[in-house]
Amino acid sequence: MTTDSGMTDEAARKAGLEVKPVAGHIGAEISGVDLAGDLDDAVVAAIRAAVLRWKVVFFRGQRLDHIGHVAFARRFGEIVELPRRGKASPPDFPGIETTADRLELGARFGMEHDEWLRRRRHTLLRGWHCDHGARVDPPAATILRAETVPPYGGDTTWANLAAAYAGLSAPLRQFVDGLRAEHRLGVGYQPRPGDDAYVRHLLERQVASVHPLVRVHPETGERILYVNGYYVEQIAGLSRPESAAILEMLLEQAVRPEYTVRFRWEPGSVAFWDNRATMHLAPGDTAHLHHPRIMHRVMLAGDVPVGVDGTPSEPITGTEPGRW
């Protein structure tokens, strides 16, 4: 599959869709389709092409329920079924995770939600992540559906990691092409003083992998600057100071405004993004608003990343391909 915009536009026209880009490097709104309907193959192919081209696509005014959400996702791949979810997630749909579960997490470990959020985002870059990036086979894509949103606030932002890589200078691209980095669950969390129940939880359920710092996209062939703020621990073969400085530089490159898009949610909005080529920042501006924000997430199973030299990612602990 190519990311050529002409081919993407032609596929959309043939399927009766309108794909309207919303930022220069990432993001497009798709109209002319009812995601709850019986989608023909041409529509599915056009949506897939748009996701590959624009990295994240948005649909508004959709009337999906849990059944429709799962049915739509299955047209694009195998659904991940999480073994552990919170009480807010629908018990009869193991492929759906309700993000209201996140409000419970801090309380499980003795924290208010705002403290929990603060400790996960104690620097400007720490909140940026791809979904389940510490796994050896992170999800290929995520489809997020809004049920209830605040009247203001609650936006999500995505960054195009292919554009970020292409924007590096040639010598720097050549340097990072051969590097690998450790991705580990919880390294972005700032522990509480003294005993911290969440740290104990992380140590008991640790997940870590070594991924190429530049992965080759399995469908488009693009080179992806495979970094994020929440999971990346250390660049292999570099000292801690060297690794920290380079990672900060690469993260700052990835979240430059020209490589990002920010989406204002409405009830019935759906975002569908390529988790292999993006990272995203969930909102941190709603805890004080006291308005519910209920979102439902379905993830599609992904492959093991492969670097420029053809070397795949390797598991360190708590992860193996295809087993959640």
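Our structure's up above, just so we're on the same page.
Since this is a predicted model, take the numbers as computed values, not measurements.

A. A look at the overall build of the protein chain. Secondary structure assignment for the protein chain yields 9 helices and 16 strands. Its C-alpha atoms give the protein chain a radius of gyration of 19 Å, near enough to 20 Å, the size a compact globule of 324 residues would have. Taken over 324 residues, the protein chain has a buried fraction of 52%. When contacts within the protein chain are restricted to residue pairs at least 6 apart in sequence, those whose partners lie at least 24 apart make up 81%.

B. Layout of the sheet that holds strand E5 (residues 141–148). The strand order across the open sheet built from 7 strands is E1-E2-E3-E13-E5-E15-E4, with neighbouring strands paired in mixed fashion. The open sheet has two free edges, formed respectively by strand E1 (18–21) and strand E4 (97–98), since each of these has just one partner strand. Relative to strand E13 (residues 270–274), E5 is paired through 5 bridges, and the arrangement is antiparallel. Bridging from a neighbouring strand, Leu144 pairs with Ala271 of E13.

C. How the structure looks around the packing of aromatic side chains. Under the definition given, this model contains 11 aromatic pairs. A ring pair is formed by Phe58 and Trp158, whose centres lie 5.4 Å apart and whose planes are at 55°; its orientation type is tilted. Within this pair, whereas Phe58 is found in strand E3 (residues 56–59), its partner Trp158 is found in strand E6 (residues 156–160), the two being separated by 100 residues in sequence. Exposure remark for Phe58: the relative accessible area of 2% places this residue in the buried category. The class for Trp158 is buried, based on a relative accessible area of 0%. Ring centres 5.1 Å apart and planes at 65° place the aromatic pair Phe72 and Phe76 in the edge-to-face group. Look at Phe72 and you get buried, because its relative accessible area is 2%. Taking the relative accessible area as the measure of exposure, Phe76 reaches 9% and is therefore buried. One aromatic cluster is present, formed by Phe58, Trp158, Phe263, Trp265 and Trp273 through successive ring pairs.

D. Representation of the sheet that holds strand E7 (residues 180–184). Spatial ordering of the open sheet is given by E11-E7-E8-E16, a layout of 4 strands whose pairing is antiparallel. Whereas interior strands pair on both sides, the edge strands pair on one side only; in this sheet they are strand E11 (232–235) and strand E16 (314–317). Going from strand to strand, the sheet's axes swing by 25° on average, the running direction of each strand aside. Pairing between E7 and strand E8 (residues 208–212): 5 bridges, direction antiparallel. Bridging across to E8, His183 finds its partner in Ser209.

E. Summary view of the side chain of Thr286. Along the chain, Thr286 turns up in the loop between strand E14 (278–281) and strand E15 (294–300). Among the residues examined, Thr286 registers a relative accessible area of 18% and is labelled buried. Apart from the residues lying within four places of it in its own chain, the contact partners of Thr286 are Pro150, Gly153 and Gly154.

F. Molecular detail of the environment of Val22. For Val22, the position within the fold is in the loop between E1 and strand E2 (28–31). Between the C-alpha atoms of Val22 and Val261, which are 239 residues apart in sequence, the distance is 7.6 Å. Among all residues touching Val22, those that are not within four sequence positions of it are Gly27, Ala28, Glu29, Phe58 and Val261.

G. View of the pairing of E6. With 5 of 5 residues buried, E6 is to be regarded as a mostly interior element. Burial along E6 is two-sided: the residues Thr156, Trp158 and Asn160 and Thr157 and Ala159 are all buried. The sheet contact formed by E6 and strand E12 (residues 260–263) spans 4 bridges and is antiparallel. Bridged to Thr156 within E12 is Phe263. Where E6 meets E14, 4 bridges bridge the pair, whose relative direction is antiparallel. Residue pairing across strands places Trp158 opposite His280, the latter belonging to E14.

H. The arrangement of unusual backbone geometry in detail. The phi torsion at Lys55 lies on the positive side, around 75°, for a residue other than glycine. Counting through the fold element by element, Lys55 comes out in the loop between helix H2 (41–54) and E3. Overall, Lys55 belongs to the buried group, its relative accessible area being 1%. The backbone of His290 shows a phi angle near 60°, a positive value even though the residue is not glycine.

The rules behind the values
Residues numbered from 1 in each chain as written. Predicted model: local features only at pLDDT ≥ 70, side-chain atom pairs only at ≥ 80, totals over all residues. Heavy atoms only, no water. Helix = DSSP H or I, 4+ residues; strand = E, 2+ residues; numbered from the N terminus. Rg over C-alpha atoms; globule rule 2.2 N^0.38 Å. Buried < 20%, exposed > 50% of the residue type's maximum accessible area, 1.4 Å probe, protein only. Contact = heavy atoms within 4.5 Å. Pairing = 2+ DSSP bridges. Phe/Tyr/Trp six-rings, centres within 6.5 Å; stacked < 30°, edge-to-face > 60°. Axes fitted to C-alpha atoms, helices over the stretch in contact; angles between N-to-C directions.

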